[in-house]
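Inside the fold
So you can see what is in the structure, the chains are spelled out below.
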Amino acid sequence: MRTVLGDITPAGLGVCDAHDHLFLRSPQLPGQELDDPGAAAAELRAFRAAGGSAVIQWTPYGMGRGATELPRLARESGVHIVAATGLHQAAHYAPEVLERLRDGPAELFVAELTEGIGGTGPRAGMIKVAGGFHGLDAHARHTMAAAAEAQRATGAVIGVHLELGTGASAVLDLLCGELAVPPDRVVLGHLNRSPDLVAHRTAAEAGAYLAFDGPSRAHHATDWRLPDALASLAEAGFGDRILLGGDTTTAGARSVNGGPGMPHLLRHHRERLEIALGKDLVTQFLTTNPARAFAADWARAPGKPHRSREARRAPTA
């Protein structure tokens, strides 16, 4: 398990928020940037007080990851933090950023996973990419191909933003079919946003991990279906595929600003799920499953990508 303070054993991860954000910046969310280290520290303290031990931050390259702040925050809070490399949808970037990385995203991903973000910062522990609404555009295919190359070189897990919870089959066809990524190295995010039980089961049968990760977001049309969706998967024998996260993406959603934030996952959200599913199963979702999903051997394959000049110059954001 690669954290911003170094590698730990999977057993040391503890209670894990499998998808969240301490720092995030996007032109799609103007005025709601997560860019305050003090607020991030307070959020981690609240999460720790609620029983949390680890946070997987899915903020990828170029979206204000706060890489230089993460080690300090992890030390001071006592919470393990896993950082991400990768790229989100094109809409989250200025065109010149994507142009700079057009020829070398795999090299950048490998460098951030194995050498450090910005060359000297903490090492990333996962790769984040994104699909589209029920499909994949050229940018998604390009970044997923780079993610697959980096995955083969490092063993890292690939986390996938599913737009409104859709497109899981297209993602798995590309990553695990065409690009031969082992399905247990893929985490599909945001499945709670589309309560399609058939799609959920199909993805679980393929061997991917399924992240239901939005209690810090407003999904009132689907949130009430979550216990049924998780129960259906567990009853079919896929309780070991399920992950839970908070996915706090705006300043207003932080608990320190009056929103639910990270601690909500382990307070009201966990309690609600325990009533429906039982404590043992929910504990598995929060501990055993993420420890297995985000673990990696961190081998560097002989055919690993070589770092391009642009990758070496890439900023840490």
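Turning our eyes to something else, we now look at the overall build of the chain. Tallying secondary structure elements over the chain gives 13 helices and 11 strands in all. Here the C-alpha atoms of the chain give a radius of gyration of 18 Å, agreeing with the 20 Å that 2.2 N^0.38 yields for 317 residues. Along the first, second and third principal axes, the C-alpha atoms of the chain reach 55 × 45 × 35 Å. Expressed as a percentage of its 317 residues, the buried residues of the chain come to 58%. Restricting to contacts in the chain with at least 6 residues of sequence separation, those with at least 24 account for 78%. Total accessible area on the chain stands at roughly 12100 Å², and carbon and sulfur atoms take up 51% of it. For the chain, the distance from the average position of its 31 positive side-chain charges to the average position of its 34 negative side-chain charges is 5 Å.

Time to look at the sheet that holds strand β9 (residues 186–189). The six strands are arranged β6-β7-β8-β9-β10-β11 in an open sheet whose pairing can be described as parallel. Each having just a single partner strand, β6 (84–86) and β11 (242–244) make up the two edges of the open sheet. Neighbour to neighbour, the strand axes of the sheet diverge by 30° on average, direction disregarded. Taken together, the two bridges between β9 and strand β10 (residues 209–212) define a ladder with parallel strand orientation. Each bridged residue has a counterpart across the sheet, and for Val 187 the counterpart in β10 is Tyr 209. Across the sheet, helix α4 (residues 105–114) is in contact with β6 and β7 (126–130); its angle to β6 comes to roughly 165°. Contacting β10 and β11, helix α9 (residues 226–235) runs over the sheet at an angle of about 165° to β10.

On to the packing of helix α10 (residues 263–277) against helix α11 (residues 279–286), then. Remark: α10 packs on α11, axes separated minimally by 8 Å, with the N-to-C direction vectors making an angle of 135°. With respect to α11, the element α10 is oriented oblique. Considering the relative orientation of α10 and α11, their crossing is right-handed. Contact with α10, carried on its side by Leu 265, Leu 266, Arg 270, Leu 273, Glu 274 and Leu 277, involves Lys 279, Leu 281, Val 282, Phe 285 and Leu 286 of α11 and no other residues of that element. In terms of residue class, the contact of α10 with α11 is built from eight nonpolar, no polar and three charged.

Tracing the sequence through the fold places Ile 242 in strand β11. Considering only alpha carbons, one finds Ile 242 and Ala 211, 31 residues apart in sequence, at a separation of 6.0 Å. Once you skip the residues sitting within four places of it in the chain, Ile 242 turns out to touch Leu 210, Phe 212, Leu 230, Leu 233, Phe 285 and Asn 289.

Okay, helix α1 (residues 37–49) next. Between the first and last C-alpha of α1 there are 18 Å, a value that for 13 residues agrees with the 18 Å anticipated at 1.5 Å per step. As for α1, its buried residues are in contact with β3 (16–20), β4 (54–57), α2 (70–77), β5 (80–82) and α10. You can read the cap of α1 off the contacts: a side-chain oxygen lies 2.8 Å from the backbone nitrogen of Gly 38, and it is on Asp 36. Just past α1, the residue Gly 51 takes up positive phi, approximately 110°.

With respect to topology, three strands assemble into an open sheet ordered β3-β4-β5, the strand pairing being parallel. Looking along the sheet, the strands with just one partner apiece sit at the ends: β3 and β5. Taken over all neighbouring pairs, the strand axes of this sheet differ in orientation by 15° on average, direction set aside. Here β4 runs beside β5; their pairing, made up of three bridges, is parallel. Bridging from a neighbouring strand, Ala 54 pairs with His 80 of β5.

Once that is clear, we can look at the pattern of salt bridges. Evaluated as defined, the whole model comprises 10 salt bridges. Between Asp 7 and Arg 123 there is a salt bridge, and its shortest N-O distance comes to 3.8 Å. Pair noted here: Asp 7 is in strand β2 (residues 6–7) and Arg 123 is in the loop between α4 and β7, with a separation of 116 residues, a long-range link. Glu 112 is paired through a salt bridge with Arg 65; the nearest N and O atoms lie 2.7 Å apart. Here the residue Glu 112 occupies a position in helix α4, and Arg 65 occupies one in the loop between β4 and α2, the gap between them amounting to 47 residues. Comparing Glu 112 with Arg 65 shows no difference in burial state: the two are buried. Connected through salt bridges with shared partners, the residues Arg 2, Asp 7 and Arg 123 form a single ionic network.

Moving on to helix α6 (residues 168–178). Residues Ala 168, Val 171, Leu 172, Leu 174 and Leu 175 constitute the buried set of α6. All buried residues of α6 project into a common sector of 165° when viewed along the axis, lining one side. With respect to the buried face of α6, the exposed residues turned more than 90 degrees away are Ser 169, Asp 173 and Glu 178. Where α6 is buried, its residues touch α5 (138–154), β8 (158–161), β9 and α7 (197–206). Ala 180, located one to two residues past α6, shows a positive phi value of around 60°.

What counts, and at which threshold
Residues numbered from 1 in each chain as written. Predicted model: local features only at pLDDT ≥ 70, side-chain atom pairs only at ≥ 80, totals over all residues. Heavy atoms only, no water. Helix = DSSP H or I, 4+ residues; strand = E, 2+ residues; numbered from the N terminus. Rg over C-alpha atoms; globule rule 2.2 N^0.38 Å. Buried < 20%, exposed > 50% of the residue type's maximum accessible area, 1.4 Å probe, protein only. Contact = heavy atoms within 4.5 Å. Areas by Shrake-Rupley, 256 points an atom, 1.4 Å probe, with all protein chains shown as cover. Lys, Arg positive; Asp, Glu negative; His and termini not counted. Charge placed at Lys NZ, Arg CZ, Asp CG, Glu CD. Pairing = 2+ DSSP bridges. Axes fitted to C-alpha atoms, helices over the stretch in contact; angles between N-to-C directions. Parallel < 35°, antiparallel > 145°, perpendicular 65-115°, else oblique. Left-handed = near helix turned anticlockwise from the far one by under 90°. Nonpolar A, V, L, I, M, F, W, Y, C, P; charged D, E, K, R; others polar. Expected span 1.5 Å × (residues − 1). Polar contact = N/O pair within 3.5 Å; in protein donor to acceptor, adjacent residues only side chain to side chain. Salt bridge = Lys/Arg side-chain N within 4 Å of Asp/Glu carboxyl O. Arc of directions from axis to C-beta.

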